[in-house]
Amino acid sequence: MRETLDFLLFDWLKAGELTARERFAEHSAETFSAVLDTCEKIAREKFAPFNRLADTQEPHFDGERVHLPQATHDATLAYAESGMLAAAQDYDVGGMQLPCVIEMAGNAFFSKASVATGGYAMLTSGNASLLMAHGTPLQREVFAKNEFAGRWFGTMCLSEPQAGSSLSDIATRAELEDESDVLGPRYRLTGNKMWISGGEHEITENIIHLVLAKVPGPDGKLIPGTKGISLFIVPKKLVNERAELTGERNDVSLAGLNHKLGYRGTTNCLLNFGEGRFTPGGRKGAIGYLVGKPGEGLRAMFHMMNEARIGVGLGAVMLGYAGYEASLDYAKQRPQGRPMTAAGKDAASPQRPIIEHADVRRMLLAQKSYVEGGLALELYCARLVDELATGDDKASTQALLDVLIPIAKSWPSEWCLESNSLAIQVLGGYGYTRDFPVEQYWRDQRLNMIHEGTHGIQALDLLGRKVVQQGGASLAALAARVQQTIERAMQTDWAPQANQLAAALAQVGGATKKAWSTGEPEEALANAVPYLQAFGHTVLAWLWLDVALAVAADTDFAHGKRAAARYFFAYELPKIGAWLDVVARREPLCRDIKTEYF
Ligand SMILES: Cc1cc2nc3c(=O)[nH]c(=O)nc-3n(C[C@H](O)[C@H](O)[C@H](O)COP(=O)(O)OP(=O)(O)OC[C@H]3O[C@@H](n4cnc5c(N)ncnc54)[C@H](O)[C@@H]3O)c2cc1C
């Protein structure tokens, strides 16, 4: 994987050129590589050996405390000591001022080694970065800085038992207590937050929850919709303005842990806020400090959305990668079956390794095309985030990133899950046992289509918003980039694939228009997921063509990349026809079938 990562980063995306920009001027290709080396080493030594342990020794709640394997403590603290929690932050807050694309590439090693163990750090980094963008100077100093230093970890508390996809229906309530607290306007929160990753543990001395809650209107009622949703810092243990623990416990308590299919190493919690288990300041109610303005909580929470979604997509890719490498290794060693010749099989001849069977190669090539293509997609998007922050052409970068983000999140969640399924298949019966790692990768992976916006919600975002916004500006920005690749490919022996891609792009454009031709959202969006699938496959075909053009050498590495690209065009891209057909004719079946007919 390292060779592919380096190739994509430095040869294909020219990440080294970022050092010409002021923000990254103190870096060089060598410092970028050194960061990757450090991440690779910590992941190999502190994360990978304990991935199975984190799964089998699931977090356990004894009614008072949550217990985790010691290895999880050691791994997460090693991560914190590496400085990666603040990798992209300014030097003056203790950061490394790394480009997003290098930060993401470094984190890829941890996701591959043990995605669930890495969860605590990823959440903390996201939480603190959000506070850097929206917090007051003191909130940054007290909360964000201590999170970046690894002294405290953080969470994101959006979902509630009755409100997951539809955050406008959250019911956690925040009542103003003191407008002028130094840590920010102080509120008392009551409500329940469901599915909170990293919501309870004792890895660090404190946990800083970022919580969405509604401030009631003048009539005391919660305002319907997303207006009125505000964002609060709710520390598990209260702290003062010098970032010292006051010794008082906030009114946040763990109602219970969720017992999950996978991702078991990350605690997942139902948290009760303000139920009165603790009484800070002598009364019930969880103390929370407002971040930003009232009513702007969702906007602040989604400020880091691009990075968060690329992070989920990259995690999905790396789980796929882990399965691919494990099954490749197995396929090279497992003898089974003999060559079939016109004269039949020679039972006396030695068996061949299963990698020599065309069908096993098909499964490996499919995985290779999904995981390496997925890696290209995520790094490309991360590079766009850097372009947005430090480049010149912000408008077209923004337009392109907008339309790619639902794909960055969803495509690997679906296709690297398929990849993990194929990895199990390559191992046959052994793949289905817990004696080999591939079943865990599949279980861990299954989360990715659910969290950070479900598959269905991402599809609605793509077809309902992103491709139609500003008169289709995002789709046009993507088409322009795809066209550039097509033009370059037309001059090479990739011309047939270039033509195929041009036809696919036209088909996506045509289906988009037909889906919206009646202007009825319910009609257009009934087939949003098939649209997402076709769109994603078209994007991946484009990236594979672009990558194929960048490998010129006559090496096994280069031949492998070209084979995976050819596989994608031969076996995957043709699938879009079926997906787009139902979109274009606004197939009403799923929308119209009556509930009673099921
Ligand atoms: C392991 C795990 C970790 C998580 N970590 C966190 C966390 O740290 N913080 C946090 O706040 N949340 C977290 N979540 C919550 C996660 O974001 C939600 O589960 C997710 O948003 C879906 O919400 P839901 O589970 O209520 O499902 P629902 O919203 O009820 O969705 C159920 C199904 O209905 C579909 N659906 C819903 N609405 C629509 C619609 N309008 N149109 C079409 N289809 C629709 C969905 O796509 C889905 O397939 C986590 C979840 C899990 C499982």
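What counts as what
Per chain, residue numbering runs from 1 following the sequence as it is written. Given that this is a predicted model, residues contribute local features only at a pLDDT of at least 70 and side-chain atom pairs are listed and counted only at 80 or more, while totals for whole chains, interfaces and linings are drawn from all residues. Note: side-chain values were computed over all heavy atoms of the structure, leaving out hydrogens and water. Helix and strand definitions here come from DSSP, where helices need a minimum of 4 consecutive H or I residues and strands a minimum of 2 consecutive E residues; each element is numbered from the N-terminal end. Only protein chains enter the accessibility calculation, which uses a 1.4 Å probe; a residue whose area is less than 20% of its type maximum is buried, one above 50% is exposed, and one in between is partly exposed. Whether two residues are in contact is decided by their heavy atoms: any pair within 4.5 Å suffices. All accessible-area figures derive from a Shrake-Rupley calculation using a 1.4 Å probe, and residue coverage is judged against the displayed protein chains alone. For the charge count, each Lys or Arg is scored as positive and each Asp or Glu as negative, with His and the chain ends excluded. Taken as the charge centre is NZ of Lys, CZ of Arg, CG of Asp or CD of Glu, depending on the residue. UniProt positions are given in the numbering used here, feature names are shortened, and annotations may be inferred rather than shown by experiment. Near, as used in this document, describes a residue that has one of its heavy atoms within 4 Å of the molecule or strand being considered. Two N or O atoms count as a polar contact when they lie within 3.5 Å, although within protein this holds only if one can serve as hydrogen donor and the other as acceptor, and sequence-adjacent residues are included solely when both atoms are side-chain atoms. Here an axis means a line fitted to C-alpha atoms, over the contact stretch when the element is a helix, while the angle between two N-to-C directions is reported on a 0 to 180 degree scale. With respect to orientation, any angle under 35 degrees is reported as roughly parallel, any angle over 145 as roughly antiparallel, any angle of 65 to 115 as roughly perpendicular, and every other angle as oblique. By convention the crossing between two helices is left-handed if the near helix lies anticlockwise of the far one by an angle smaller than a right angle, and right-handed if it lies clockwise. Residue type decides the class: Asp, Glu, Lys and Arg count as charged, Ala, Val, Leu, Ile, Met, Phe, Trp, Tyr, Cys and Pro as nonpolar, and the leftover types, Gly among them, as polar. In this scheme, strands are said to pair when DSSP sees at least two bridges between them. As defined here, a cavity is a set of points on a 1 Å grid over the protein atoms alone where a 1.4 Å probe fits but cannot get out. A pocket is an open set with protein on both sides within 12 Å along at least five of seven lines, and residues line them when an atom is within 4 Å of a point. Grid points are joined across faces, edges and corners, and a volume is the space filled by probe spheres set on the points. How far a helix is expected to stretch is found by multiplying one less than its residue total by 1.5 Å. Note that bend, as reported per residue, equals the angle between axes fitted to the 7 residues terminating at that residue and the 7 residues originating from it.

Looking only at helices and strands, the protein features 19 helices and twelve strands. By its C-alpha atoms, the protein is 85 × 60 × 60 Å across when sized along the principal axes. Scored against the burial criterion, the 598 residues of the protein give a buried share of 56%. Expressed as a percentage of contacts within the protein between residues at least 6 apart in sequence, the contacts between residues at least 24 apart total 75%. Summed over all atoms, the accessible surface of the protein reaches about 24,500 Å², with 53% contributed by carbon and sulfur. Within the protein, the 71 negative side-chain charges are centred at a point lying 3 Å from the centre of the 60 positive side-chain charges.

Let's shift gears to the UniProt feature "domain: Acyl-CoA oxidase/dehydrogenase middle" (unreviewed entry) in the protein. Residues annotated by UniProt as "domain: Acyl-CoA oxidase/dehydrogenase middle" (unreviewed entry) correspond here to residues 156-273. Secondary structure within residues 156-273 divides into 0% helix and 47% strand; the distance between the first and last C-alpha atoms comes to 14 Å.

Turning our attention to the UniProt feature "domain: Acetyl-CoA dehydrogenase-like C-terminal" (unreviewed entry) in the protein. In the UniProt entry, the feature "domain: Acetyl-CoA dehydrogenase-like C-terminal" (unreviewed entry) is given for residues 479-587. Between the C-alpha atoms that bound residues 479-587 there is a distance of 26 Å. The span itself is 80% helix and 0% strand.

Let us now look at the site of the ligand. With respect to spatial proximity, 18 residues lie near the ligand, and among them Met-156, Ser-159, Ser-165, Trp-195 and Thr-454 are the closest. Here a nitrogen atom of the ligand and a backbone polar atom of Met-156 are 2.7 Å apart. For the ligand, the protein covers 61% of the area, taking 960 Å² as the surface of the free molecule. Counting only elements with at least two residues in the shell around the ligand, the list comes to strand E3 (152-157), strand E5 (186-197) and helix H12 (455-466).

For the rest of this paragraph, the subject is the packing of helix H16 (residues 528-550) against helix H17 (residues 556-572). Packing of H16 against H17 brings their axes to within 9 Å, and their N-to-C directions diverge by 150°. When the interaxial angle is binned, H16 and H17 end up roughly antiparallel. Note on packing geometry: the crossing formed by H16 with H17 is left-handed. Between H16, through His-537, Leu-540, Ala-541, Trp-544, Leu-545 and Ala-548, and H17, the contact on the second element is made entirely by Lys-561, Ala-564, Ala-565, Phe-568, Phe-569 and Glu-572. Of the residues contributing to the contact of H16 with H17, the split by class is nine nonpolar, one polar and two charged.

Turning to the packing of helix H13 (residues 473-490) against helix H14 (residues 495-515), a few remarks are in order. One way to put it is that H13 packs onto H14 with a least axis distance of 8 Å and a crossing angle of 165°. Accordingly, the angle class assigned to the pair H13 and H14 is roughly antiparallel. Seen from above, H13 lies across H14 with left-handed handedness. Residue-level contacts link Leu-475, Ala-479, Val-482, Ile-486, Ala-489 and Met-490 of H13 to Ala-495, Ala-498, Asn-499, Leu-501, Ala-502, Leu-505 and Thr-512 of H14. A per-class count over the contact of H13 with H14 returns eleven nonpolar, two polar and no charged.

This paragraph deals with the side chain of Thr-397. Within the secondary structure, Thr-397 sits in helix H10 (residues 394-426). Here Asp-393 takes part through its backbone oxygen, which lies 2.6 Å from a polar atom of the side chain of Thr-397. When neighbours within four sequence positions are excluded, Thr-397 is seen to be in contact with Leu-384, Glu-387 and Leu-388.

Consecutive side chains along a regular strand alternate between the two faces of the sheet. Here strand E10 (residues 252-257) lies mainly inside the structure; five of its six residues are buried. Note that E10 and strand E11 (residues 268-273) share five bridges and pair antiparallel. Each residue of the ladder has a partner; that of Val-252, found in E11, is Phe-273.

On to helix H1 (residues 2-12), then. Listed in full, the buried residues belonging to H1 are Arg-2, Thr-4, Leu-5, Phe-7, Leu-8, Leu-9 and Trp-12. Along its buried surface, H1 packs onto helix H2 (29-47), helix H5 (100-134), helix H8 (305-333), helix H9 (358-390), H16 and H17.

Let us now look at empty space enclosed by the protein. The final tally for this structure, using the stated rule, is two cavities of 30 Å³ or more. The calculated volume of the largest cavity comes to roughly 50 Å³. Lining the largest cavity are Glu-58, Pro-59, Leu-257, Asn-258, His-259, Lys-260, Arg-264, Thr-266, Thr-267 and Asn-268. Its residues assigned to classes, the lining of the largest cavity comprises two nonpolar, five polar and three charged. When its volume is computed, the second largest cavity comes out at roughly 40 Å³.

With that out of the way, let us pick up H5. With 35 residues, H5 should reach 51 Å at 1.5 Å per residue; the first-to-last C-alpha distance of 19 Å falls well below that figure. Residue Ser-114 marks the point of greatest curvature in H5, where the axis turns by about 130°. Burial analysis of H5 places 33 of its 35 residues in the buried class, which makes it a mostly covered element.

Within the element layout of this structure, Ala-534 appears in helix H16. For Ala-534, a relative accessible area of 0% gives the class buried. Setting aside chain neighbours within four positions, we find Ala-534 in contact with Ile-576, Trp-579 and Leu-580.

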